[in-house]
Amino acid sequence: MQQAIQHLFKIDAVFKHIVEKYGMPIIPKRPQGFETLVLLILEQQVSIDSAKATFLKLKAKEINFQPEFLLRISDEEYRNIGVSRQKASYIKALSHSIIHNEIDIESLATKSSQQVREELIKIKGIGNWTIDVYLMFSLQAPDIIPLGDVAVVNTIKELLNVHNKQEMENYVVKWSPYRSAATFLLWHYYLKKRNRTVVY
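Please read these numbers as outputs of a predicted model, since none were measured by experiment.

1. Looking at the overall build of the chain
Working step 1: Tallying secondary structure elements over the chain gives twelve helices and zero strands in all.
Working step 2: Starting at the N terminus and walking to the C terminus, you meet the elements of the chain as α-α-α-α-α-α-α-α-α-α-α-α.
Working step 3: The C-alpha atoms of the chain give a radius of gyration of 18 Å, which matches the 16 Å a tight globule of 200 residues would have.
Working step 4: Expressed along its principal axes, the backbone C-alpha trace of the chain runs to roughly 50 × 35 × 30 Å.
Working step 5: The proportion of buried residues among the 200 residues of the chain is 48%.

2. Re the nonpolar core
Working step 1: Among the nonpolar cores identified, the biggest contains 70 residues, and Phe15, Val38, Leu70, Leu94, Leu120, Ile156 and Trp175 are the most heavily contacted of them.
Working step 2: The element that contributes the greatest number of residues to this core is helix H12 (residues 179–193), accounting for nine residues.
Working step 3: Among all residues touching valine 38, those that are not within four sequence positions of it are Phe55, Leu58, Phe65, Leu70, Ile91 and Leu94.

3. Section: the packing of helix H10 (residues 150–160) against H12
Working step 1: It is the contact of H10 with H12, at a shortest axis distance of 9 Å, that shows an interaxial angle of 85 degrees. Taken as axis vectors, H10 and H12 run roughly perpendicular relative to one another. Seen from H10, the contacting residues are Ala151, Val152, Asn154, Thr155, Ile156, Glu158 and Leu159; seen from H12, they are Thr183, Leu186, Trp187, Tyr189, Tyr190 and Lys193.

4. Details of the pattern of salt bridges
Oppositely charged side chains may form a pair once their charged atoms are brought near each other.
Working step 1: In this structure the tally under the stated criterion is ten salt bridges.
Working step 2: In this structure, arginine 30 and glutamate 43 form a salt bridge, with 2.7 Å as the shortest nitrogen-oxygen distance. Of this pair, arginine 30 sits in the loop between helix H2 (13–22) and helix H3 (34–43) while glutamate 43 sits in helix H3, and the two are 13 residues apart along the sequence.
Working step 3: Relative accessible area serves as the criterion here: at 4%, glutamate 43 is assigned to the buried category.

5. A short note on the environment of arginine 179
Working step 1: Of note, arginine 179 is situated in helix H12.
Working step 2: Distance in space between the C-alpha atoms of arginine 179 and phenylalanine 9 is 12 Å, their sequence separation being 170 residues.
Working step 3: Once residues within four sequence positions are removed from consideration, arginine 179 is found in contact with Pro142, Asp143, Ile144, Ile145, Val172 and Val173.

6. Here we look at the side chain of threonine 130
Working step 1: Mapped onto the fold, threonine 130 is located in helix H9 (residues 128–137).
Working step 2: Taking relative accessible area as the criterion, threonine 130 reaches 2% and is therefore assigned buried.
Working step 3: Sequence-distant contacts of threonine 130, that is, excluding residues within four places in its chain, are made with Leu40 and Gln44.

7. Quick notes on unusual backbone geometry
Working step 1: In this model, serine 176 is joined to proline 177 through a cis peptide bond whose omega is 10 degrees.
Working step 2: Unusually for a residue other than glycine, glutamine 140 sits at a positive phi of about 50 degrees.
Working step 3: Here glutamine 140 shows up in the loop between H9 and H10.
Working step 4: Note on glutamine 140: relative accessible area 40%, which makes it partly exposed.

8. Quick word on the side chain of aspartate 12
Working step 1: Mapped onto the secondary structure, aspartate 12 falls in the loop between helix H1 (2–11) and H2.
Working step 2: Judged by its relative accessible area of 8%, aspartate 12 is buried.

9. Regarding the packing of aromatic side chains
Working step 1: Applying the stated criterion across every chain yields a total of eight aromatic pairs.
Working step 2: Arranged with centres 5.5 Å apart and planes meeting at 65 degrees, the rings of phenylalanine 55 and phenylalanine 65 form a pair that is edge-to-face. Taken together, the positions of phenylalanine 55 in helix H4 (residues 48–60) and phenylalanine 65 in the loop between H4 and helix H5 (67–72) put the pair ten residues apart, joining distant regions of the chain. Both residues of the pair, phenylalanine 55 and phenylalanine 65, belong to the buried class.

10. Here's the deal with the environment of histidine 188
Working step 1: Considering the arrangement of structural elements, one finds histidine 188 in helix H12.
Working step 2: Look past the residues within four positions of histidine 188 in its chain and what remains in contact with it is Ile18, Tyr22, Gly23, Met24 and Pro25.

11. Here's the deal with H12
Working step 1: End to end, H12 covers 21 Å across 15 residues, agreeing with the expected 21 Å (1.5 Å per residue, within 8%).
Working step 2: Where burial is concerned, most of H12 is hidden: 13 out of the 15 residues are buried.
Working step 3: Asparagine 195, located one to two residues past H12, shows a positive phi value of around 55 degrees.

Criteria and cut-off values
- Residues numbered from 1 in each chain as written.
- Predicted model: local features only at pLDDT ≥ 70, side-chain atom pairs only at ≥ 80, totals over all residues.
- Heavy atoms only, no water.
- Helix = DSSP H or I, 4+ residues; strand = E, 2+ residues; numbered from the N terminus.
- Rg over C-alpha atoms; globule rule 2.2 N^0.38 Å.
- Buried < 20%, exposed > 50% of the residue type's maximum accessible area, 1.4 Å probe, protein only.
- Core = buried A, V, L, I, M, F, W, Y, C linked by side-chain atoms within 4.5 Å.
- Contact = heavy atoms within 4.5 Å.
- Axes fitted to C-alpha atoms, helices over the stretch in contact; angles between N-to-C directions.
- Parallel < 35°, antiparallel > 145°, perpendicular 65-115°, else oblique.
- Salt bridge = Lys/Arg side-chain N within 4 Å of Asp/Glu carboxyl O.
- Phe/Tyr/Trp six-rings, centres within 6.5 Å; stacked < 30°, edge-to-face > 60°.
- Expected span 1.5 Å × (residues − 1).

Encoded structure:
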């Protein structure tokens with residue numbers, strides 16, 4: 001990680017500015033597997049803290065947190081613990097894919113980022129943001145930047161004055177092959193500036 005950040009310092013002064021102002025970022029890591037993907041579905045478009053609280057309620061319903069169990073839970077039960085009908089359908093779609101061997105989550109660690117994306121994108125409710133975060137947090141993919149993430153986009157706009165999506169995509173190419181490290185630095189800036197602490 002240190003090598004990646006030193007490289008980014010040379011490529012773009014904005015990263016040195018972030019570290020000088022707020023220190024080094026904590027690099028988030030999460031276990032690979034089904035539970036993390038369920039948590040990421042819950043995190044879509046809500047705060048991490050809110051999603052985690054809902055996730056813990058879901059886990060409390062069944063110690064054996066397996067796809068078969070999550071597929072059996074009714075929409076009403078999901079709703080009672082704060083899971084929307086839409087997200088419940090996404091969790092069930094993921095569970096169904098695993099039960100019917102349409103995806104082997106354990107094998108994803110042996111595949112390229114593009115192969116992982118091609119497999120996960122087929123599952124209803126799992127889009128590029130969810131895949132990007134899974135690649136970064138769970139598979140430690142080094143060259144991912146989630147331009148569907150509000151914090152990343154807003155920080156690029158603020159620090160680099162780049163506002164157009166296509167211009168952003170073109171700009172961040174120069175951060176390769178360490179775009180994941182760049183993302184962690186951008187998140188770090190976004191949270192520190194707002195005096196927020198997130199436990200991943």
